[in-house]
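A closer look at the structure
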Amino acid sequence: MKKKLIIFSFILFFKIFSYAESDFLMFESAFKDISNKTQDFLPESSTLLSFQPDAFIGNFFPSIPPRFTVGISASVTTVDTRFVADDFTAMINDIISLVPDDYSPNVKFSIPQRIFLPNAAAQIRIGGFFLPFDFGVFGVTTTDNLINNITFDDFSMDLAYTSVGGDIRYAIFEGRNILPKLSVGAGYIYSKYTFGMDLDKTLFSNEYGAAKLTGDINLKLESHTIFAQIQASKKILFLTPSIGLKAYSTIFNSNLDWEISSKYTFLDLTKKDSYSSSNDLSKPLVQLFAGCGIQLWHLQLSVCGAYNFTSEQFSASAAVNFKM
């Protein structure tokens, strides 16, 4: 009996030692890779929130009536998630390493190959004073509980974001006679994203009973985007088709903290870490956009589509404006 007890104690000690030495070798590097890759498309939909079909809306003063627009806009960017599939697999494998094989650990995290990243904002644009320019601002912020409990198998995700921006455009051609309107402009966008992921899974073993696997992963991204653009438009009856080219670059600051814990009959294990990173202006991204406005008295409806040659992402937006 004593001999069996010694053997059992040795086996138990070996298991405790082996799982205590679980190093999560891939977890942090995989998450860093994901955050780095998301930087190519996160600002994409924000760049369309200030889209105005008219390349130049006219002067606020002197002008009768004064020229301005105010309304709401929404945008969406398509994201191909296959580029992070290997990173998610590596993270899941590290999480599973905290649980003994007796529990036949199986943690699932599936995400569609293509997802849609939405955005929306209130916007206002005011015509220039004396000189042929206009300037606009937009902004949106969500509460912590507005977008939550998005489920991906064994994980749930919360999302909160804030985005504000502004730009100024100067009209090279104001669109008189048969000439189109042509403007050049520049702007700035500030965005802050907070992603939270929770894991709460119960596992079972015939020998040890129930085990609990929990996780709390939080990623905060802060971005500063500067851009330059050129845009042309021409009003034809009540339609205003438009086309333009935009180049932008972004500074990112990221903060990640995570904690994964397992609780079962003979050992509780916890792994946690945090890190921060930042970058200078990233590589420039080039976006081609085209859209059309429909004018119904002072109500203007507009749609816009865009393709980013650098990140190979598609985006689209729609807006409803009161236009004077």
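The structure we're discussing is the one just above.
What this report covers is the structure whose coordinates are included nearby. (Residues numbered from 1 in each chain as written. Predicted model: local features only at pLDDT ≥ 70, side-chain atom pairs only at ≥ 80, totals over all residues. Heavy atoms only, no water.)

Considerations on empty space enclosed by the protein
Under the definition given, this model contains four cavities of 30 Å³ or more. Taken together, Thr47, Leu48, Ser50, Phe51, Gln52, Arg125, Asp167, Arg169, Gln229, Gln231, Lys246 and Phe289 form the lining of the largest cavity. Looking at the lining of the largest cavity, the elements that each hand over two or more residues are β6 (155-174) and β8 (209-233). In terms of residue class, the lining of the largest cavity is made up of three nonpolar, five polar and four charged. There is about 60 Å³ of room inside the second largest cavity. Broken down by element, the lining of the second largest cavity gets its largest block of residues, four residues, from helix α3 (residues 85-96). Among the residues making up the lining of the second largest cavity, the classes are represented as eight nonpolar, no polar and no charged. (1 Å grid on protein atoms, 1.4 Å probe; cavity = no way out; pocket = protein on both sides within 12 Å on 5 of 7 lines; lining within 4 Å. Points joined across faces, edges and corners; volume = space filled by probe spheres on them. Helix = DSSP H or I, 4+ residues; strand = E, 2+ residues; numbered from the N terminus. Nonpolar A, V, L, I, M, F, W, Y, C, P; charged D, E, K, R; others polar.)

A short note on the layout of surface pockets
Its volume calculated, the largest pocket comes out at about 620 Å³. Taken together, 27 residues line the largest pocket, and the ones lying closest to its centre are Ile111, Ile115, Leu117, Met157 and Phe195. Where the lining of the largest pocket is concerned, the elements lending two or more residues are α2 (27-38), β3 (114-129), β5 (147-152), β6, β7 (181-205) and β8. Top contributing element to the lining of the largest pocket by residue count: β3, with four residues.

Observations concerning the pattern of salt bridges
Inspection of the entire model under this criterion finds six salt bridges. Between Lys181 and Asp54 there is a salt bridge, and its shortest N-O distance comes to 3.5 Å. With Lys181 in strand β7 and Asp54 in the loop between α2 and β1 (59-61), this pair connects stretches of sequence that are 127 residues apart. In this structure, Lys181 and Asp54 share a single accessibility class: buried. Look at the salt bridges and you will find they share partners, linking Arg125, Asp134, Asp167 and Arg169 into a network. (Salt bridge = Lys/Arg side-chain N within 4 Å of Asp/Glu carboxyl O. Buried < 20%, exposed > 50% of the residue type's maximum accessible area, 1.4 Å probe, protein only.)

Examining α3
Its twelve residues give α3 an end-to-end C-alpha distance of 17 Å, which sits within 8% of 16 Å, the value for a rise of 1.5 Å per residue. Contacts from the buried residues of α3 go to α2, β6, β7, β8 and β9 (239-263). (Expected span 1.5 Å × (residues − 1). Contact = heavy atoms within 4.5 Å.)

What about the packing of aromatic side chains?
All chains considered together, the criterion is met by nine aromatic pairs. Judged by centre distance (6.1 Å) and plane angle (80 degrees), the ring pair of Phe51 and Phe289 falls under edge-to-face. Of this pair, Phe51 sits in the loop between α2 and β1 while Phe289 sits in strand β11 (residues 285-296), and the two are 238 residues apart along the sequence. Judged by its relative accessible area of 8%, Phe51 falls in the buried class. On the accessibility criterion, Phe289 (3% relative accessible area) is buried. Ring plane angle 25 degrees and centroid distance 6.4 Å describe the contact between Phe133 and Phe135, whose orientation is recorded as stacked. Residue Phe133 is classed as buried on the basis of its relative accessible area, which comes to 17%. For the cation-ring pair, Lys246 lies above Phe227, with the distance from its terminal atom to the ring centre recorded as 4.8 Å. (Phe/Tyr/Trp six-rings, centres within 6.5 Å; stacked < 30°, edge-to-face > 60°. Lys NZ or Arg CZ within 6 Å of the ring centre and 35° of its normal.)

Overview of α2
Its twelve residues give α2 an end-to-end C-alpha distance of 17 Å, which sits within 8% of 16 Å, the value for a rise of 1.5 Å per residue. Listing the buried residues of α2 in full gives Phe27, Glu28, Ala30, Phe31, Ile34, Ser35 and Thr38. Buried residues along α2 cover an arc of 165 degrees about the axis, so they all sit on one side. (Arc of directions from axis to C-beta.)

Some thoughts on the nonpolar core
Counting 48 residues, the largest nonpolar core has Phe155, Phe195 and Ile217 as the members making the most contacts within it. Not counting residues within four places of it along the chain, the set of residues in contact with Ile217 comprises Phe27, Phe31, Phe195, Gly196, Met197, Leu256, Asp257, Trp258 and Ile260. Residues Leu48, Phe51, Phe289 and Cys304 belong to the second largest nonpolar core, which totals five residues. (Core = buried A, V, L, I, M, F, W, Y, C linked by side-chain atoms within 4.5 Å.)

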